[in-house]
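# Geometric and topological summary
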Amino acid sequence: MSRISVPTTARLPSSSRVNPSSPIVTKTLGRLSRSSLISVALDWLDEDNLSLATPYLRPDQEDDDDEDDGDFYPPASSPKELREEYLSLQTRKGSKREILDRIITGDWRHGVSLYQLAIADLQYLYDHPTSQKWTAYKIVPLKSPTEDGNGEVQPPEIDKTSLCIPRFHPSLFLKSLQAQILPDIKAHYNLDRHKTLPLLILRIFVVDSPYNTPLSLSSSAGNIDTGSKTILIAFPDGSPTIFISKPTSTGPAGASESKSLRALLVEGIPKALSLPRQRVTLQSTSLTTRNLEELLERRGGTRGNAAGGGWSIYADEKVKESPLSTVLPSPPLSDAAEEEVEGNGDKKRKRLTVEERVTKRARLVAQARFGETGRVGDGKGVERVDLVMEDVFKRVGSTGNNTDKMDIDGEDEGDVDNSEHWRPSVRLTFHGSHVFAGIRQLVECGIIDGESMPGWMTGEEGVTIGAVRNGRIRGHKGAGL
Amino acid sequence: MSSPPPPTLDDEISALQSKITTLKSTIALQTSTLLTAPSTLSLLSSDPKLTSQSHLHTSHLQQTLYRICATLTLFRARDPDPNAVDSGSILGLRIEVVSRGKFLRPYYVLFNRPWTPSSFSSSLPPAQKKWLRVHRHTVPACIPLAGLAARYLPAPDKDKKGRKQDLGKFARGVRREVVRYHARLGTVADLRKAAGLGRRGGNGNGNGIGLVDISPADAEVRHISVEWEDGRTGRLVIGDDGEVLKVVVVGENGRDREGAKDLLGGLGCQPGTVKVEEVVKRLANLGSGA
């Protein structure tokens, strides 16, 4: 540790420690549950991570009964001993406070490293998968910049005909991102693979100080809430997209500051992703959700990216459709296909009553429009969809607003009628834990007529913000093109 | 002396049920074989129901034949959306992929014709009104479908007269990219196998070559990262036809040119001269020799 504070342009090292009494430490650790705290502590004490998260240990030459008398948490003599201590805590019952105190005033009293904070923050993400709101961006290649007649360099355009898929190299990306960030703020980066999902998560923790000394760390980390200073970026495997988290907890004071900070970083990301002679930019894909699984389904490396809703039958990997089989396939939704799904062929067909027939038909229609998507328990739901209707008002019809129970059956079909051009401004917002599962249920109950329901109500576009014109979402940003 | 426990009723039921499914699939197979045989066709001419069934089976057989041999097939579908353009007509393109000796689930690209209705595009020449646009697809994100579509299926434009859509070129382009992608994926699996590494995530014992990990390093699987036991890491860049374009090995003391040469088996480090399959063979030989 140097005695003089010199401004540097380097990134903050993972091993630099923050004073454990600073609010950022208590806040980051305090929101974890007891079991998570213990598992985080055990993670810190792992052989591989020990160099970045050294606990406070008893010096070897010191006498045992010298200073420990007044110490509530006597320091352990080796990391191994400490590990066993935490393992025994795992089996015991107790309060969360006890573990927190032990970490802050005991085993890591000399400081919690930035690496430790990053691990604790990620643990919070695993515990609360919906704690972050993610926005999906597509990485698209740019044309090389051209000069106009006056010799001025024009801003590069998006290269639509490019066949190159942008590549992502973590360490190179970090290096160039650091170069993009202004020298008067310092950032700490931590890359980690998501435990269950095929994602690489980059956590950026920003400190408003040109110095990277512990003093500047604790003083500047102390005064602003953690949400605004941490940005998570997720890179899905096998897909040129990137998910950026939105700060969720911004107070009125820190709002503008954190916004500009975030904007600065987001601006730097495409530049950091660019390679020499191969520029890229980020393009919004109009999908914002808290659900990472949904994001991976719609923007990840799977087949479902541009085949949502009823089209998902084309993307279903489970369906066997080998051309080597000569057996005549049964068309989807037919009786034979259903029998295969049900398993046993219960041949005795009952006479269905009219009511049963109606519900069966509604169920089949829902199956046709939604395919395998929009199930209540599938865990792939968006919680908010905003749509602007730009359709011409045609006749006095029923146009509901702002509830899940809407009836838009009277929407116009086909082309625009020229008799009047009044376009009422109608905004629709769907709220819920799984919006499209809710609409599917309404179709299955027969409240929404599934056959005349417009396509955007099935969620097949894969967008959460959009404008509807002529009954279709404009732009087809979700279609992957 | 212990005898195996007597089969319970549940076991028996499940055994019978599995038998039912096998028998059912056998029946289906026999039916289609019989109905499509030329000798049965002459016998069936009296029964209209059987004849229509036979026609169905024959056309399906023809379809599978095209799918196997041509690997690019077209079909028609309907868009269930009541507001769909062109009253919901959809043209589907089915792309067959064979990987490791098996037909995978085909990839689909579905087109519509958004410029058909006259009210939008009365100024367009009639030929351009029938132009296609990609509506939905199941092609993975690492295939540059958008770029191919922009090249071969451009949107109608009044100003540029000379442009044409070429569905054939587009389809062949997509298939080429998809097949290359799967070939590269298969090569990575072959490399892992040759180096004695288990499935992804599992720790292989290295098979004596000293490799601990081989994995794709980017979305397109053009870059393959290689890791050795002694901490060296390497990169292979594979070209379009499976040739090794570049190879870099970095050890503790900077670049390890000998290691790179060794990985390619002294076959020469000239870019593009070594096929990645030869690296697979070499690793397999090393593994069995060690």
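Given the structure is predicted, the values throughout are model-derived calculations rather than measurements.

### Focus: the overall build of chain A
- If you tally the helices and strands in chain A, you get 14 helices and twelve strands.
- Contacts in chain A between residues far apart in sequence, at least 24 positions, make up 74% of those at least 6 positions apart.

### Description of the interface of chain B and chain A
- Contacts between the two partners involve 42 residues from chain B and, on the opposite side, 44 residues from chain A.
- Classifying every residue of the side of chain B that touches chain A gives 23 nonpolar, eleven polar and eight charged.

### Considerations on the sheet that holds strand β11 (residues 254–255) of chain B
Residues and elements named next belong to chain B.
- Ordered by their spatial adjacency, five strands build an open sheet running β7-β8-β9-β10-β11, and the pairing between neighbours is antiparallel. Lying at the two open borders of the sheet, with one neighbouring strand each, are β7 (211–216) and β11.
- As defined by bridge partners, strand β8 (residues 223–228) adjoins strand β9 (residues 233–238) across five bridges and the pair is classed as antiparallel. Within β9, the residue paired with Ser-225 across the bridge is Arg-235.
- On the sheet, helix α6 (residues 167–194) packs against β7, β8 and β9 and is oriented at approximately 175° with respect to β7.

### What about the environment of A:Val385?
Residues and elements named next belong to chain A.
- Positionally, Val-385 belongs in strand β9 (residues 384–389).
- Each C-alpha atom, one on Val-385 and one on Gln-180, is 34 Å from the other, the two residues being 205 residues apart in sequence.
- When neighbours within four sequence positions are excluded, Val-385 is seen to be in contact with Phe-430, Val-435 and Thr-464.

### Side note on the nonpolar core
- Counting residues in hydrophobic clusters, the biggest one holds 75 residues, and the most contacted among them are A:Ala41, A:Ile233 and A:Val443.
- Residue contacts for A:Ala41: discarding those within four places in its chain leaves A:Tyr86 and A:Ile103.
- Counting residues in each nonpolar core, the second largest holds 50 residues, with A:Ala315, B:Phe111, B:Val139 and B:Ile224 among its members.

### Notes on the domain arrangement of chain A
Residue and element names in this part refer to chain A.
- Per the domain assignment, the segments making up chain A are domain 1 (17–60 + 73–126), domain 2 (130–143 + 156–249 + 258–306) and domain 3 (309–315 + 329–344 + 352–479).
- Contacts between the two partners involve 17 residues from domain 1 and, on the opposite side, 16 residues from domain 2.
- In the side of domain 1 that touches domain 2, the residues fall into ten nonpolar, four polar and three charged.

### A look at helix α14 (residues 435–445) of chain A
Residues and elements named next belong to chain A.
- All of the buried residues along α14 are Val-435, Phe-436, Ala-437, Ile-439, Arg-440, Leu-442 and Val-443.
- Turning to α14, the residues buried within the fold contact α13 (354–370), β9 and β10 (426–431).
- Looking one or two residues beyond α14, the residue adopting positive phi is Gly-446, at roughly 85°.

### What to know about the packing of α13(A) against α14(A)
Residue and element names in this part refer to chain A.
- Two elements in contact, α13 and α14, have axes separated by 7 Å at closest approach and are oriented at 150°. Relative to α14, α13 is oriented roughly antiparallel. Contact residues: Ala-362, Arg-363, Val-365, Ala-366, Arg-369 and Phe-370 in α13; Arg-440, Val-443 and Glu-444 in α14.
- The class makeup of the residues in the contact of α13 with α14 is five nonpolar, no polar and four charged.

### Topic: the environment of B:Ala217
Residue and element names in this part refer to chain B.
- Considering the arrangement of structural elements, one finds Ala-217 in the loop between β7 and β8.
- When the C-alpha positions of Ala-217 and Arg-235 are compared, they lie 8.5 Å apart, and in sequence the two are 18 residues distant.
- If near-sequence neighbours (up to four positions away) are discounted, Ala-217 is found in contact with His-223, Ile-224, Ser-225 and Arg-235.

### A few points about the confidence of the model for chain A
Residue and element names in this part refer to chain A.
- Per-residue pLDDT for chain A has a mean of 75; in total, 76% of the residues score no lower than 70.
- Below a pLDDT of 50 lies the segment residues 342–348, which in the model reaches one contact outside its immediate sequence neighbourhood of four places, other chains included.
- A low-confidence stretch, residues 397–419 stays under pLDDT 50, and its non-local contacts, those more than four residues away or across chains, total 31 contacts.

### Examining unusual backbone geometry
- Residue A:Arg277 is not a glycine yet carries a positive backbone phi of 65°.
- Residue classification places A:Arg277 among the exposed residues on the basis of 6 C-beta atoms within 10 Å.
- Despite not being glycine, B:Arg100 shows a phi value in the positive range, around 50°.
- Relative to the helices and strands, B:Arg100 resides in the loop between β3 (98–99) and β4 (102–103).

### With respect to the sheet that holds strand β3 (residues 133–141) of chain A
Residues and elements named next belong to chain A.
- With respect to topology, six strands assemble into an open sheet ordered β4-β5-β6-β7-β3-β8, the strand pairing being antiparallel. In the strand order of this sheet, the two ends are held by β4 (186–193) and β8 (280–289), each with one partner. Geometrically, the sheet is characterised by an average inter-axis angle of 25° between neighbouring strands, direction not taken into account.
- Direction of pairing for strand β5 (residues 199–207) relative to strand β6 (residues 230–236): antiparallel, over a ladder of seven bridges. Among the inter-strand pairings, Phe-205 is bridged to a residue of β6, identified as Thr-230.
- Each of β4, β5 and β6 touches helix α5 (residues 114–127); the most contacted strand, β5, lies at about 125° to it.

### Details of the packing of helix α2 (residues 34–44) of chain A against α5(A)
All names here are of chain A.
- Contact geometry for α2 and α5: axes closest at 10 Å, N-to-C directions at 140°. On the basis of the axis angle, α2 is oblique to α5. Viewed along their axes, α2 and α5 form a crossing whose handedness is right-handed. Only Gln-116, Ile-119, Ala-120, Gln-123 and Asp-127 of α5 make contact with α2, whose side of the interface consists of Ser-36, Val-40, Asp-43 and Trp-44.
- Here the residues of the contact of α2 with α5 are counted per class, giving four nonpolar, three polar and two charged.

What counts and how
- Residues numbered from 1 in each chain as written.
- Chains lettered and ligands numbered in written order.
- Predicted model: local features only at pLDDT ≥ 70, side-chain atom pairs only at ≥ 80, totals over all residues.
- Helix = DSSP H or I, 4+ residues; strand = E, 2+ residues; numbered from the N terminus.
- Contact = placed C-beta atoms within 7 Å.
- Nonpolar A, V, L, I, M, F, W, Y, C, P; charged D, E, K, R; others polar.
- Pairing = 2+ DSSP bridges.
- Axes fitted to C-alpha atoms, helices over the stretch in contact; angles between N-to-C directions.
- Core = buried A, V, L, I, M, F, W, Y, C linked by C-beta atoms within 7 Å.
- Buried ≥ 20, exposed ≤ 12 C-beta atoms within 10 Å, placed from the backbone.
- Domains from an automatic or database assignment.
- Parallel < 35°, antiparallel > 145°, perpendicular 65-115°, else oblique.
- pLDDT = per-residue confidence, 0-100.
- Left-handed = near helix turned anticlockwise from the far one by under 90°.

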